[in-house]
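Coordinate inspection notes
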Amino acid sequence: MKKSVPKKKIIVIGTRGIPGIMGGVETHCEELYPYIVKSGYDVTVVRRSCHIKEAEPKTKYKGINIKDIYAPRKKSFEAIIHTFLGILYARREHADILHIHAVGPALLAPIAKMLGMKVIVTHHGADYDRQKWNAVAKFVLKQGEKLGVKYADRVIVISKSIRDDIHRKYPNTNLALIYNGVPQPVLTVKTDYITQLGLSPYKYVLALGRFVEEKGFDDLIKAFSEIEHNGYKLVLAGDADHKTEYSVRLKGLAKENGVILTGFIKGKRLNEIMTHSALFVLPSYHEGLPISLLEAMSYGKEVVVSNIPANCLTELSASDFFDVGSITSLKEILEIKLAKDLSLKRDYDMYLYNWEHIANQTIALYKELL
């Protein structure tokens with residue numbers, strides 16, 4: 001009798017967890033790995049215990065195995081302690097591939113290699129450029145990028161800007177460019193949620209993301225408060241992972257200026273608020289390849305984005321960009337956009353950001369490594 005061949009085991013670390021946990025890496029993993037599972041792989045996503053709020057923690061999600069491992073709720077140590085414990089778990093489980101996401105966790109790629117594992121690192125962006133980190137943390141994150149690039153068997157980058165940056169710093173690195181992705185949304189006619197928030201369809205401007213300094217949401221509030229609204233309201237969807245001086249200040253600024261704060265939303269609520277938004281704004285100082293921007297494009301929304309390299313997608317036009325950090329430039333483009341008919345759907349070519357396409361590229365890399 002022919003024996004069945006055991007599935008190749010992929011263990012994923014570096015994410016806070018899935019499903020429904022805020023963050024770009026988290027959304028990436030939540031969307032990608034169900035496709036990997038459907039292709040015949042045994043996938044386990046390791047989650048950080050401090051971010052799990054379920055009454056009964058999940059053990060499965062869309063065919064993915066879920067493993068919760070301890071992580072302290074302290075931003076300086078959370079990722080590194082959890083990554084170390086995750087590597088030990090992957091070794092004990094005899095992972096065929098350990099897939100590490102983000103440059104912070106990639107700091108421990110050499111340990112995984114010393115333990116005999118095959119390692120893939122996905123570089124989601126230069127986290128050391130984030131304003132929340134002090135000098136020591138920035139140095140550690142830069143070392144994470146360096147060691148991840150040096151010791152991983154394969155390195156995935158999610159945008160051209162990251163690829164170009166890594167090639168400049170580490171010229172001989174063999175990189176695989178596999179973009180971040182976004183699912184094709186099903187638009188909704190329901191308005192129950194936005195009505196609860198005091199909103200009307202196509203009469204509000206939407207920004208979405210974590211309440212951290214590099215997102216530039218304070219710039220957006222200041223710019224929006226200084227222009228004629230023409231009946232439009234400003235909505236910030238998101239929150240902070242950890243309560244910080246900046247997040248408290250941002251929420252105070254929002255309330256002072258009549259900005260609607262939704263908190264962290266996913267699923268039907270996010271679908272509804274994105275469907276009926278008039279304009280999407282991303283005023284970031286730093287990104288890898290922003291999923292929130294790809295989501296807005298998938299909904300056919302007009303967009304306003306800062307002109308940092310990560311946001312400069314070929315699918316956008318020059319009239320979508322403003323000078324990063326410039327309140328004046330942001331005010332000017334908001335006034336131009338809000339004078340248009342924003343109920344019209346805009347068409348973007350989203351093929352490169354299709355999750356099934358991205359999964360097939362990732363699987364090809366797994367097969368090459370195995």
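Details of the structure are given in the entry above.
As the structure is a prediction and not an experimental result, all values here were calculated from the model.

1. Description of unusual backbone geometry
- Note the cis peptide between Ile18 and Pro19, where omega equals -5°.
- Within the secondary structure, Pro19 sits in the loop between strand S1 (9-13) and helix H1 (24-38).
- Although it is not a glycine, Tyr202 sits at a positive phi angle of roughly 60°.
- As for its position among the elements, Tyr202 is in the loop between helix H6 (192-196) and strand S9 (204-208).

2. Considerations on the side chain of Asn65
- For Asn65, the position within the fold is in strand S4 (residues 64-69).
- Among the polar contacts made by the side chain of Asn65, one reaches the side chain of Asp42 at a distance of 2.8 Å.
- With sequence-adjacent residues up to four places away left out, Asn65 is seen in contact with Asp42, Val43, Thr44, Val45, Thr59 and Lys60.

3. Details of the pattern of salt bridges
- Counted according to the given criterion, the structure contains 20 salt bridges.
- A salt bridge links Lys113 to Asp153; its shortest N-O distance comes to 2.9 Å. Pair noted here: Lys113 is in helix H3 (residues 109-114) and Asp153 is in the loop between helix H4 (135-151) and strand S7 (154-157), with a separation of 40 residues, a long-range link.
- Among the residues examined, Lys113 registers a relative accessible area of 26% and is labelled partly exposed.
- A salt bridge links Lys331 to Glu226; its shortest N-O distance comes to 3.1 Å. Residue Lys331 is located in helix H11 (residues 327-338), and its partner Glu226 is located in the loop between helix H7 (217-225) and strand S10 (233-237); the two are separated by 105 residues in the primary sequence.
- Lys331 gets classed as partly exposed once you look at its relative accessible area, which sits at 22%.
- You can call Glu226 partly exposed: its relative accessible area is 47%.

4. Let's talk about the environment of Lys337
- Relative to the elements of secondary structure, Lys337 occurs in helix H11.
- In this structure the C-alpha to C-alpha distance between Lys337 and Gly20, which are 317 residues apart in sequence, comes to 32 Å.
- The contact partners of Lys337, leaving out residues within four places of it in the chain, are Leu279, Glu302, Val303, Val304, Ser319, Asp320, Leu342 and Arg346.
- Within the local environment of Lys337, its side chain forms a polar contact with the backbone oxygen of Val303, the two atoms lying 3.3 Å apart.

Reading the values: the criteria
- Within each chain, residue numbers correspond to sequence positions counted from 1 in written order.
- Owing to the predicted nature of the model, reporting of local features is limited to residues with pLDDT of at least 70; listing and counting of side-chain atom pairs is limited to 80 or more, with chain, interface and lining totals taken over all residues.
- In computing side-chain values, all of the structure's heavy atoms are included and hydrogens and water are not.
- A run of H or I in DSSP becomes a helix once it reaches four residues, and a run of E becomes a strand once it reaches two; helices and strands are each numbered from the N terminus.
- Counting of polar contacts relies on pairs of N or O atoms within 3.5 Å, with two restrictions inside protein: one atom must be capable of donating a hydrogen and the other of accepting it, and residues adjacent in sequence are counted only when both atoms are side-chain atoms.
- Residue contacts follow a heavy-atom distance rule, with two residues in contact if any of their heavy atoms lie within 4.5 Å.
- Each reported salt bridge corresponds to a side-chain nitrogen of Lys or Arg within 4 Å of a carboxyl oxygen of Asp or Glu.
- Relative accessible area decides the class of each residue, using a 1.4 Å probe on protein chains only: under 20% of the type maximum gives buried, over 50% gives exposed, and in between gives partly exposed.

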